[in-house]
Amino acid sequence: MANRLQPVFPEQDTEHFWEGAKQGELRYQQCNACDTVVFTPRAHCTACGSDDLAWKVSAGAGEVYTYSVVRQNRSPAFADLGAYAVAYIDLDEGFRMMSGIVGVGDPTQEVRIGMRVQVEFEPQESGEYPIPVFRPV
Ligand SMILES: [Zn+2]
């Protein structure tokens, strides 16, 4: 089981996102005033400044916008991974998030820009909040 850092609460902008992760939901926001999709979670719309944001649940499907391979990470939370891919994922609902790509043997060979991926939630021995990661489909 993974051992990533856990979010610390209270934190008004992201707590609803992390509560969603506990329920297997990838949550994002959309502005009720101008329909802009907003991510990462925050108090105001990035386009018009409105504080009238609705929470939505993503289907968790998207594609790799770009990625990098980390060959060695000495942080105790990542040292056991070996080489791993960190990617920007473009979700089908119109937001982009950074996350890890799981389920590939050699990330230098098996991750591609444009590759379709699906979110999953990786349980953590470090705490109750699973981390959203993406697996090729
Ligand atoms: Zn707006």
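Residues numbered from 1 in each chain as written. Predicted model: local features only at pLDDT ≥ 70, side-chain atom pairs only at ≥ 80, totals over all residues.

## Considering the overall build of the protein
No. 1: The secondary structure content of the protein amounts to two helices and eight strands.
No. 2: Listed N to C, the secondary structure of the protein is α-β-β-β-β-β-β-α-β-β in terms of helices and strands.
No. 3: For a compact globule of 137 residues, the expected C-alpha radius of gyration is about 14 Å, and the protein comes in at 16 Å, within 12% of that figure.
No. 4: C-alpha extents for the protein along the principal axes are approximately 45 × 35 × 20 Å.
No. 5: The buried share of the protein, reckoned over its 137 residues, is 20%.
No. 6: At a minimum sequence separation of 6, the contacts of the protein that also span at least 24 residues come to 52%. (Helix = DSSP H or I, 4+ residues; strand = E, 2+ residues; numbered from the N terminus. Rg over C-alpha atoms; globule rule 2.2 N^0.38 Å. Buried ≥ 20, exposed ≤ 12 C-beta atoms within 10 Å, placed from the backbone. Contact = placed C-beta atoms within 7 Å.)

## Side note on the domain arrangement of the protein
No. 1: The domain architecture assigned to the protein consists of domain 1 (1-58) and domain 2 (60-119).
No. 2: On a C-alpha basis, the centres of domain 1 and domain 2 stand 20 Å from each other.
No. 3: Contact residues are listed per partner, giving nine residues for domain 1 and eight residues for domain 2.
No. 4: Within the residue set of the side of domain 1 that touches domain 2, elements represented by two or more residues are strand 1 (26-31) and strand 3 (53-58).
No. 5: For the side of domain 1 that touches domain 2, the per-class residue count stands at five nonpolar, two polar and two charged. (Domains from an automatic or database assignment. Nonpolar A, V, L, I, M, F, W, Y, C, P; charged D, E, K, R; others polar.)

## Quick look at the sheet that holds strand 3
Backbone hydrogen bonds are what pair the strands of a sheet, in a parallel or an antiparallel way.
No. 1: In space, the three strands of this open sheet follow the order 2-1-3, with antiparallel pairing throughout. Either end of the sheet is taken by a strand with one partner, and the two such strands are strand 2 (37-38) and strand 3.
No. 2: Where helix 1 (residues 15-22) meets the sheet, it contacts strand 1 and strand 3, and its direction lies at approximately 145° from that of strand 1. (Pairing = 2+ DSSP bridges. Axes fitted to C-alpha atoms, helices over the stretch in contact; angles between N-to-C directions.)

## Considering the nonpolar core
In a soluble, globular protein the nonpolar side chains are often hidden away together inside.
No. 1: Core analysis: the largest hydrophobic core is formed by 19 residues, its most contacted members being Ala 87, Ile 89, Ile 101 and Phe 134.
No. 2: Listed by contribution, the elements that provide at least two residues to this core are strand 1, strand 5 (84-91), strand 7 (116-124) and strand 8 (127-136).
No. 3: The biggest single contributor to this core is strand 5, with four residues.
No. 4: Inspection of this core shows a minimum of three residues originating in each of domain 1 (1-58) and domain 2 (60-119).
No. 5: Dropping the residues within four chain positions of it, Ala 87 is found in contact with Val 64, Thr 66, Tyr 67, Ser 99, Ile 101, Val 111 and Phe 134. (Core = buried A, V, L, I, M, F, W, Y, C linked by C-beta atoms within 7 Å.)

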